[in-house]
Number of protein chains: 2
Amino acid sequence: MKKIFISNILESVQLQQQVELFGWVKHIRNHNSILFLDLVDSTGKIQVTVSKSRLKKHFEKVKDVRPGSAVRVTGHKHNFNNKGRKNIEIVAETVGVLGDYNLKITPHPRSKFHVFDEKYTDLVLKNRSLYLCNPKQAAVLSFKSKFVFELHKYFQENKFTFIEPPILTEMLLYDDKTAFHFDYEGNKVWLSQCCTFQLEAAILAFEKVYSITPSFRSEHSRSDRHLNEYTHLKVEVAWSNLNDLSELAENILYSMAIRMNEVGKKELKILGASLHPDDYKPPYPSITYDEAVRILNKKGHFAYGKSLGRSRLTELTKSFDNKHLWIKFIPRSAEAFPFSINPANKNLVLAADLIAPYDFAEIGGVAEKIHSKDELLERMAEKGRSSSKNIERYKSYIELRDAGLPPHGGIGMGIDRIARYLMKLPHVKDVLPFPRLFGRRWNP
Amino acid sequence: MKKIFISNILESVQLQQQVELFGWVKHIRNHNSILFLDLVDSTGKIQVTVSKSRLKKHFEKVKDVRPGSAVRVTGHKHNFNNKGRKNIEIVAETVGVLGDYNLKITPHPRSKFHVFDEKYTDLVLKNRSLYLCNPKQAAVLSFKSKFVFELHKYFQENKFTFIEPPILTEMLLYDDKTAFHFDYEGNKVWLSQCCTFQLEAAILAFEKVYSITPSFRSEHSRSDRHLNEYTHLKVEVAWSNLNDLSELAENILYSMAIRMNEVGKKELKILGASLHPDDYKPPYPSITYDEAVRILNKKGHFAYGKSLGRSRLTELTKSFDNKHLWIKFIPRSAEAFPFSINPANKNLVLAADLIAPYDFAEIGGVAEKIHSKDELLERMAEKGRSSSKNIERYKSYIELRDAGLPPHGGIGMGIDRIARYLMKLPHVKDVLPFPRLFGRRWNP
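Residues numbered from 1 in each chain as written. Chains lettered and ligands numbered in written order. Predicted model: local features only at pLDDT ≥ 70, side-chain atom pairs only at ≥ 80, totals over all residues. Heavy atoms only, no water.

All right, on to the overall build of chain A then. Of the regular secondary structure elements, chain A holds 15 helices and 16 strands. In terms of principal-axis extent, the alpha carbons of chain A reach across some 85 × 55 × 40 Å. Out of the 444 residues in chain A, the part that is buried amounts to 60%. Intrachain contacts of chain A at a sequence separation of at least 6 include 65% that bridge at least 24 residues. Accessible area for chain A stands at about 18,200 Å²; split by element, carbon and sulfur atoms hold 49% of it. A gap of 9 Å separates the mean positions of the 67 positive and 51 negative side-chain charges of chain A. (Helix = DSSP H or I, 4+ residues; strand = E, 2+ residues; numbered from the N terminus. Buried < 20%, exposed > 50% of the residue type's maximum accessible area, 1.4 Å probe, protein only. Contact = heavy atoms within 4.5 Å. Areas by Shrake-Rupley, 256 points an atom, 1.4 Å probe, with all protein chains shown as cover. Lys, Arg positive; Asp, Glu negative; His and termini not counted. Charge placed at Lys NZ, Arg CZ, Asp CG, Glu CD.)

This is the structure we're talking about:
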């Protein structure tokens, strides 16, 4: 793999040295007997000077090359003066077009335009493959690539074990309506909504486990925060309680802000985004769900027991100086059955939602999981899961409560949401290369 | 998260110091007024000494605790002599059972037995959640956790961008029969067999991309090498040819052997497995498919044009001193449509399979991908994909050939197969916590 990147040529190759160079034409300026090609790849931009006298019969083909075409250039590295500043150019000996650009789509994928603006959403999603190379879109995906890696690094450094959960499963966290199902060898099977069932088993082997995995929700939401298919960070920890878990979640978020501000500098600059790790510094204020409802009821009626919607969450973070906010002890009616009941108030569970300020709303949650078999069966009945068929489906999960399962709990975070939040993007779809949104065709 | 691991107590805590300790009971020896509990977690084993006089009324409960139960112990760290060697024990002040073990399954999950032996396969898979904590099974999963991380690290260090492909897709690499499909909002949609279609688009943005992602194959195979759901490593590189790609694949495998021999030392020791990185050192010998058939035909008839089966691959690696072996220029009839036709012999494609010795058979492959639109349409017709509906399904993929797509190619590797091979395990299922095998229930 000897191919050289543009950044290598800019930084490492000596002047006068011969180079072989690959890239895409970004601009072409035609001064009759001389052409200036601006070539780009993911690492930088370089000017290639092509003279008619040197290139002879190939000049005509190169003259008509369209922006977006892939080219191979050989030549020598030189300096030239541009408005008093020294710049680097390649004086070309050969130019070969290796991939023609023949499309008429506008704006041109490699051009500067507000790719995340709503008015381009339809165009960009319908032509997703073409617009991945847009400089701002590419910066987002590059940031995401580093983000996923830094997450793995965080957990590996902190002695967590990575678990690959199955995608096909019979165990659902929520109801069947919000799950995708299909026929597998004559049996009904679902796409995983959450891997808590498998991670809880794995703590018997490793105490501290995590997964970064696709999760699927068949939700009919057109909000800027929901995808049918998204990347789910799940963590499960033995011997842990709500305080341990909130502390860990805060540490994850803060550490990622610090790390991404370092390793994502270039991408943030391209996006014109600024990331201030101090904004993510723990500890975060915490209120109970009951207190949240009291605050909200001062301004208008809110029905106790429901999920707090996005606008209300934004209102709450505003009243806490736009800080991150924990809302803890959620009504059991609003939460999934594996969450532990609060012994001090049996209408609530030992769970807390992590709310980001500035309208980004919920980005994660923590919960103690049920440890006793009787409590689990009670909660399953409450959620309509006590048929013998359901008891059979969740058998292995129930059985863990007889297998030396210690008190434990977990964290769930939508990492697309967090990446979006760190970059302050208008929509969560932008952080996945091929987002699956409700109401859109699945292609590509 | 102040919880202390057993390894920390063994290594870092001072003698006489008070400790709080969590773990699972592995063995219990009852000497009437004194109990010896062997406690384990994922980091080690420690002896806890419990005297009746000190524990008083709790002693009776602790005495009857069953191996596998989760306990909390407080006490002090001491030395004791065992056959002339100094050992560490905790002299307990309190012992609390936090998670009872009430199951009658045998062999006990935490006991030593040949967990990978075929005679236990059915038992272990039916009770998968319980047997993850078996010491050898846990060592395999811990090795796999590190393996996935080291793969990410390799690619990030080498400036590849991680791409998260969609799982739901309309674009299939192979035929519909080997894909899982279901209804998505009234439309037929498939689970991804391969993300080449998305990675090829991403090279327009990043030149060098990779993915580590679930892939799905509805194959009716009961071999020790096939899963319906597995972890797929896919790499795609702009400006690359078959030589570049083989070299890169060899480098990946060799680098992983070196890294895993370092970071997986502890796990390999538990498994009694030895890993010799020198065995993986490139370059690997390479023969053409035609030469392979000639070698095989000396020993018996082999029908030209078909996939070489496992026993034949093993025979071939044997005749090359049990080295890794490339088999290149595969018949186009045997390969998927995105692979480039060999201009020197149009019945062959520019693809090569990487064969591991000792009956582990194929562990990966490399291929140049089709770069011209006409060639792609020809190959699609050949594979029965030229209906207008199919042209629509693959529209975005075809269109890339008009979007400045350069010559390029990719690598595909089953990372479960490679992890299995490095550890020399009898079956690929053992490297996934919840493997999905043909003919098995999907639960858990």
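We are not done yet, so read on.
A separate point is the relation of the copies chain A and chain B. Between chain A and chain B, which share one sequence, the superposing operator has a rotation angle of 180° and an axial displacement of 0.0 Å; the RMSD is 0.0 Å. Given the turn and translation reported, the copies of this chain are related as if by a two-fold rotation axis. Minimal C-alpha distance to the rotation axis in chain A is attained by phenylalanine 182 of chain A, lying at 2.6 Å. Both copies share a contact surface, since 99% of the interface residues of chain A are interface residues in chain B too. (Least-squares fit on C-alpha atoms with pLDDT ≥ 70 in both.)

Attention shifts here to the environment of leucine 405 of chain A. Inspection of the secondary structure puts leucine 405 of chain A in the loop between helix H14 (395-399) and strand S16 (408-414). Separated by 204 residues in the primary sequence, leucine 405 of chain A and alanine 201 of chain A place their C-alpha atoms 8.1 Å from one another. Those residues in contact with leucine 405 of chain A that lie beyond four places of it in its chain are Glu200, Ile203, Leu204, His371 and Leu400 of chain A together with Leu98 and Gly99 of chain B.

What the domain assignment lists for chain A is domain 1 (6-99) and domain 2 (125-431). The C-alpha-based centres of domain 1 of chain A and domain 2 of chain A are spaced at 48 Å. (Domains from an automatic or database assignment.)

This next bit is on the packing of helix H10 (residues 289-297) of chain A against helix H11 (residues 310-318) of chain A. All names here are of chain A. Running from amino to carboxyl end, H10 crosses H11 at an angle of 90°, the nearest separation of the two axes being 11 Å. By the criterion of interaxial angle, the relationship of H10 to H11 is roughly perpendicular. Between H10 and H11, the residues in contact are Ala292, Ile295 and Leu296 and Arg312, Glu315 and Leu316, respectively. The class makeup of the residues in the contact of H10 with H11 is four nonpolar, no polar and two charged. (Axes fitted to C-alpha atoms, helices over the stretch in contact; angles between N-to-C directions. Parallel < 35°, antiparallel > 145°, perpendicular 65-115°, else oblique. Nonpolar A, V, L, I, M, F, W, Y, C, P; charged D, E, K, R; others polar.)

Evaluation of the coordinates by the stated rule reveals nine cavities of 30 Å³ or more. Of the pockets and cavities examined, the largest cavity occupies roughly 490 Å³. Taken together, 35 residues form the lining of the largest cavity, with Ile212, Thr213 and Pro214 of chain A together with Thr213 and Pro214 of chain B sitting closest to its centre. Elements with a contribution of two residues or more to the lining of the largest cavity: helix H6 (135-157), strand S10 (208-216) and strand S11 (229-238) of chain A together with helix H6 (135-157), strand S10 (208-216) and strand S11 (229-238) of chain B. The residue inventory of the lining of the largest cavity, partitioned by class, reads 23 nonpolar, six polar and six charged. In this model, the second largest cavity occupies a volume close to 60 Å³. Across the lining of the second largest cavity, the residue classes break down as six nonpolar, two polar and one charged. (1 Å grid on protein atoms, 1.4 Å probe; cavity = no way out; pocket = protein on both sides within 12 Å on 5 of 7 lines; lining within 4 Å. Points joined across faces, edges and corners; volume = space filled by probe spheres on them.)

Okay, the pattern of salt bridges next. Per the stated rule, a full pass over the model turns up 55 salt bridges over all chains. Of the charged contacts, one joins arginine 379 of chain B and glutamate 382 of chain B as a salt bridge, the two residues approaching to 3.1 Å between their closest N and O atoms. Of this pair, arginine 379 of chain B and glutamate 382 of chain B both sit in helix H12 (residues 373-382), three residues apart, roughly one helical turn. Exposure remark for arginine 379 of chain B: the relative accessible area of 0% places this residue in the buried category. What makes glutamate 382 of chain B partly exposed here is its relative accessible area of 38%. Connected through salt bridges with shared partners, the residues Lys52, Glu60, Lys63 and Asp64 of chain A form a single ionic network. (Salt bridge = Lys/Arg side-chain N within 4 Å of Asp/Glu carboxyl O.)

Counting through the fold element by element, arginine 110 of chain B comes out in the loop between strand S5 (85-99) and helix H4 (118-126). Measuring from C-alpha to C-alpha, the distance between arginine 110 of chain B and histidine 58 of chain B comes to 25 Å, with 52 residues separating the pair along the chain. Residues within four places of arginine 110 of chain B in sequence aside, it is in contact with Leu204 of chain A together with Trp24, Lys26, Val40, Gly68, Cys133 and Pro135 of chain B. Side-chain polar atoms of arginine 110 of chain B contact the backbone oxygen of leucine 204 of chain A, separated by 2.8 Å. (Polar contact = N/O pair within 3.5 Å; in protein donor to acceptor, adjacent residues only side chain to side chain.)

All names here are of chain A. Summarising burial for S16: seven of the seven residues are buried, a large majority. Alternating positions in S16 separate into two faces, His408, Gly410, Gly412 and Gly414 on one and Gly409, Ile411 and Met413 on the other, with burial throughout. Sheet topology note: the strand S15 (residues 361-368)/S16 ladder contains five bridges and is antiparallel. Directly across from glycine 364, in S16, lies its bridge partner methionine 413. (Pairing = 2+ DSSP bridges.)

This part takes up the sheet that holds strand S5 (residues 85-99) of chain A. Strand order in this closed barrel of five strands is S1-S2-S3-S5-S4 (chain A), and the pairing throughout is mixed. The mean angle between the axes of side-by-side strands here comes to 50°, regardless of whether they run parallel or antiparallel.

The subject of this paragraph is the interface of chain A and chain B. How big an interface is tends to be stated in terms of the accessible area lost upon association of its parts. At the interface, 104 residues of chain A touch 103 residues of chain B. Taking both partners together, chain A and chain B bury about 8,500 Å²; carbon and sulfur atoms supply 63% of that area. Where chain A meets chain B, there are two salt bridges. At the junction of chain A with chain B, the criterion picks out 31 residue pairs in polar contact (both at pLDDT 80 or more). Broken down by element, the residue count for the side of chain A that touches chain B peaks at 11 residues, all from H6 of chain A. (Buried area = accessible area lost by both parts, 1.4 Å probe.)

With that out of the way, let us pick up the sheet that holds strand S6 (residues 161-162) of chain B. All names here are of chain B. Taken together, eight strands build an open sheet; the order of strands is S6-S10-S11-S16-S15-S14-S13-S12 and the sheet is mixed. A strand with exactly one partner marks an edge of an open sheet, and here the two such strands are S6 and strand S12 (286-288). Bridging between strand S14 (residues 348-356) and strand S15 (residues 361-368) involves six bridges; their strand directions are antiparallel. Residue pairing across strands places leucine 354 opposite glycine 364, the latter belonging to S15. Running over the sheet, helix H11 (residues 310-318) touches S12, strand S13 (325-331), S14 and S15 and is turned about 130° from S13. The strands touched by helix H15 (residues 415-423) are S10, S11, S14, S15 and strand S16 (408-414); relative to S16, the strand with the most contacts, the crossing angle is about 55°.

With that settled, the discussion passes to the pairing of S5 of chain B. All names here are of chain B. Bridge analysis of strand S3 (residues 44-51) against S5 gives three bridges, and the strand direction is parallel. Paired with valine 48 across the strands is isoleucine 90, a residue of S5. Sheet topology note: the strand S4 (residues 70-82)/S5 ladder contains 13 bridges and is antiparallel. Residue pairing across strands places valine 73 opposite valine 95, the latter belonging to S5.

Turning our attention to the side chain of serine 192 of chain B. Residue placement: serine 192 of chain B occurs in the loop between strand S9 (187-191) and helix H7 (196-206). In this structure serine 192 of chain B touches Pro166, Ile167, Thr169, Ser215 and Phe216 of chain B, once residues within four positions along its chain are discounted.

With that settled, the discussion passes to helix H10 (residues 289-297) of chain B. All names here are of chain B. Where H10 is concerned, the buried positions are Tyr289, Ala292, Val293 and Leu296. The buried residues of H10 all sit within an arc of 100° when viewed along its axis, so they share a single face. Taken together, the buried residues of H10 touch S12, H11 and S13. (Arc of directions from axis to C-beta.)

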